[in-house]
Amino acid sequence: MYKQIVVFAVETNKNGIVTRVGRSVIQQPQVIKKSSPVAAERR
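How each quantity is defined
- Residues numbered from 1 in each chain as written.
- Predicted model: local features only at pLDDT ≥ 70, side-chain atom pairs only at ≥ 80, totals over all residues.
- Heavy atoms only, no water.
- Pairing = 2+ DSSP bridges.
- Helix = DSSP H or I, 4+ residues; strand = E, 2+ residues; numbered from the N terminus.
- Salt bridge = Lys/Arg side-chain N within 4 Å of Asp/Glu carboxyl O.
- Contact = heavy atoms within 4.5 Å.

1. Digging into the pairing of strand 2 (residues 18–28)
Here's step 1: When strand 1 (residues 3–12) meets strand 2, the two strands line up antiparallel, connected through 10 bridges. Counterpart to Ala-9 in the pairing with strand 2 is Gly-22.

This is the structure we're talking about:
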């Protein structure tokens, strides 16, 4: 399962009229946390 970050932007001119609409999607892989003896000692 991927984590998605979605950014949405609207650009308007000085009269308030929409000139551009943009959308960006960044996908990040799921972080898998595994417990290890070294990590347990640091706590």
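Next comes the rest of the account.
2. Focus on the pattern of salt bridges
A side chain with one charge may pair with a side chain of the opposite charge, provided their charged atoms come close.
Here's step 1: A complete count under the given rule lists one salt bridge for this structure.
Here's step 2: For Glu-11, the salt bridge identified is with Arg-20, shortest N-O distance 2.9 Å.

3. Regarding the environment of Val-21
Here's step 1: Looking at the element boundaries, Val-21 is found in strand 2.
Here's step 2: Once the C-alpha coordinates of Val-21 and Phe-8 are considered, the two residues, 13 residues apart in sequence, prove to be 7.8 Å apart.

4. Things to note about the environment of Gln-4
Here's step 1: Tracing the sequence through the fold places Gln-4 in strand 1.
Here's step 2: C-alpha separation for the pair Gln-4 and Gln-27, spaced 23 residues apart in sequence, amounts to 4.6 Å.
Here's step 3: Beyond its immediate stretch of four places on either side in the chain, Gln-4 contacts Val-25, Ile-26 and Gln-27.

Just geometry here; none of it tells us what the structure is for.
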